[in-house]
Amino acid sequence: MTVPEQPKIYHIVHVDRLPSIISDGYIWCDAEIVQRKPPGTSIGMNGIKQRRLTELTLDSYPELHVGDCVPFYFCPRSIMLYLIYQGNHPELDYTRGQEHIIHLEADLYTVAQWATQNNQRWAFTLSNAGAYYFEDRCDLEQLDEINWDAVQANQWGGRDVSPSVKEGIPYRTQPPLALGRAYWRAVESDLSAVGECYIC
């Protein structure tokens with residue numbers, strides 16, 4: 001599959017975090033969340049968050065830890081959201097289901113343009129940036145390296161499904177909230193192998 005004409009990126013968050021996001025005007029990276037301690041529920045896996053904060057850096061910006069970036073995902077369906085729905089993963093502290101999880105969506109090209117105009121670093125990965133090995137890029141011309149068929153897939157198992165299944169983009173500190181739209185109970189990916197986008 002070719003790169004979509006208008007690729008979207010996604011970020012999931014507990015609804016009780018929305019007031020602080022609106023008040024601050026930003027979606028903060030985990031490094032900032034640790035410092036600021038905003039009100040609201042954390043829904044990610046603490047082990048992955050800690051690894052992103054202290055161990056994993058981006059090749060595009062070697063001085064930058066993945067946890068210094070706000071994660072967005074290319075996939076509108078999520079293995080992480082499924083784990084939240086199941087509520088029984090041993091590494092997941094949040095076990096109250098997906099009913100109160102919202103999905104923020106933004107246009108990738110709009111976000112990348114905003115980041116460039118505002119001297120914000122951004123990158124995307126070809127797999128999960130919580131894994132010990134991943135590749136990252138910071139050039140939109142390289143979007144064709146993402147497995148877009150896997151991003152669009154709606155099943156993550158079986159013989160016909162590639163082991164490289166979905167993720168998205170990194171943003172370091174904060175893309176403006178105006179770039180996103182909220183979708184209730186939508187789906188995103190945090191554990192699979194198809195790329196993430198980060199704004200740094």
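The notes below deal with the structure included here. Please read all numbers here as calculations on a predicted model, not as lab measurements.

Definitions and limits used
- Think of each chain on its own: its residues are numbered from 1, step by step along the sequence as written.
- Note on the predicted model: pLDDT of at least 70 is required for a residue's local features to be given, and 80 or more for side-chain atom pairs to be given and counted; whole-chain, interface and lining totals, by contrast, use all residues.
- Note that the side-chain values use all heavy atoms of the structure and ignore hydrogens as well as water.
- Runs of H or I in DSSP of at least four residues are treated as helices and runs of E of at least two as strands, each being numbered from the N terminus.
- Working definition: with a 1.4 Å probe on protein chains only, accessible area under 20% of the residue-type maximum means buried, over 50% means exposed, and in between means partly exposed.
- Only the protein chains shown count as cover for residues, and all accessible areas are computed by the Shrake-Rupley method using a 1.4 Å probe.
- By convention in these notes, a salt bridge is any Lys or Arg side-chain nitrogen within 4 Å of a carboxyl oxygen on Asp or Glu.
- Criterion used throughout: strands pair if DSSP finds at least two bridges between them.
- Aromatic pairing here means that ring centres of Phe, Tyr or Trp (its six-membered ring) are within 6.5 Å. Orientation follows from the plane angle: under 30 degrees is stacked, over 60 is edge-to-face, and everything else is tilted.
- Two conditions define a charge sitting above a ring: the NZ of Lys or the CZ of Arg must be within 6 Å of the ring centre, and it must be within 35 degrees of the ring normal.

### Some details on the overall build of the protein
Logical step 1: Helix and strand counts for the protein stand at six helices and eight strands.
Logical step 2: Traced from its N-terminal end to its C-terminal end, the protein shows the element sequence β-α-α-α-β-α-β-α-β-β-α-β-β-β.
Logical step 3: Buried positions account for 51% of the 200 residues belonging to the protein.
Logical step 4: Put simply, the protein shows about 9600 Å² of open surface, and 48% of that area lies on carbon and sulfur atoms.

### Some details on the pattern of salt bridges
Logical step 1: In the structure shown here, the tally under the stated rule is six salt bridges.
Logical step 2: Its salt-bridge partner being Lys49, residue Asp30 comes within 3.1 Å of it at the nearest N-O pair. Here the residue Asp30 occupies a position in helix H2 (residues 30-36), and Lys49 occupies one in helix H3 (residues 46-54), the gap between them amounting to 19 residues.
Logical step 3: Here Lys49 falls in the partly exposed class, since its relative accessible area comes to 22%.
Logical step 4: Across the pair Glu145 and Arg137 runs a salt bridge whose closest N-O atoms are separated by 2.7 Å.
Logical step 5: For Glu145, a relative accessible area of 36% gives the class partly exposed.
Logical step 6: Using a relative accessible area of 15% as the deciding quantity, one classes Arg137 as buried.

### A word on the pairing of strand E4 (residues 122-125)
Logical step 1: Of the two faces of E4, the one holding Trp122 and Phe124 and the one holding Ala123 and Thr125 are both buried throughout.
Logical step 2: When E4 meets strand E5 (residues 136-137), the two strands line up antiparallel, connected through two bridges. Among the inter-strand pairings, Phe124 is bridged to a residue of E5, identified as Arg137.

### Section: the packing of aromatic side chains
Logical step 1: Counted under the stated rule, the structure contains five aromatic pairs.
Logical step 2: Ring centres of Phe74 and Phe124 lie 6.2 Å apart, and the angle between their planes is 70°; on these two criteria the pair is classed as edge-to-face. Of this pair, Phe74 sits in the loop between strand E2 (70-73) and helix H4 (79-86) while Phe124 sits in strand E4, placing them 50 residues apart in sequence.
Logical step 3: Under the relative-accessibility criterion, Phe74 is labelled buried at 2%.
Logical step 4: Sitting over the face of the ring of Trp28, Arg36 holds its NZ or CZ atom 3.8 Å from the ring centroid.
Logical step 5: Over the ring of Tyr132 we find Arg51, and its NZ or CZ is 4.8 Å from the ring centre.

### Structural notes on the environment of Gln152
Logical step 1: Of note, Gln152 is situated in helix H6 (residues 148-152).
Logical step 2: According to the relative accessible area criterion, Gln152 is partly exposed, its value standing at 40%.
Logical step 3: In the structure, Gln152 is positioned 75 residues away from Arg77 in sequence and 8.3 Å away in space, judged by C-alpha atoms.

### Some thoughts on unusual backbone geometry
Logical step 1: With a phi close to 50°, Lys37 is a non-glycine residue in the positive phi region.
Logical step 2: Relative to the helices and strands, Lys37 resides in the loop between H2 and H3.
Logical step 3: Phi is positive for Asn119, close to 55°, though the residue is something other than glycine.
Logical step 4: Tracing the backbone through its elements, the reader meets Asn119 in the loop between helix H5 (108-117) and E4.
Logical step 5: Classification of Asn119 by relative accessible area gives exposed; the value is 73%.

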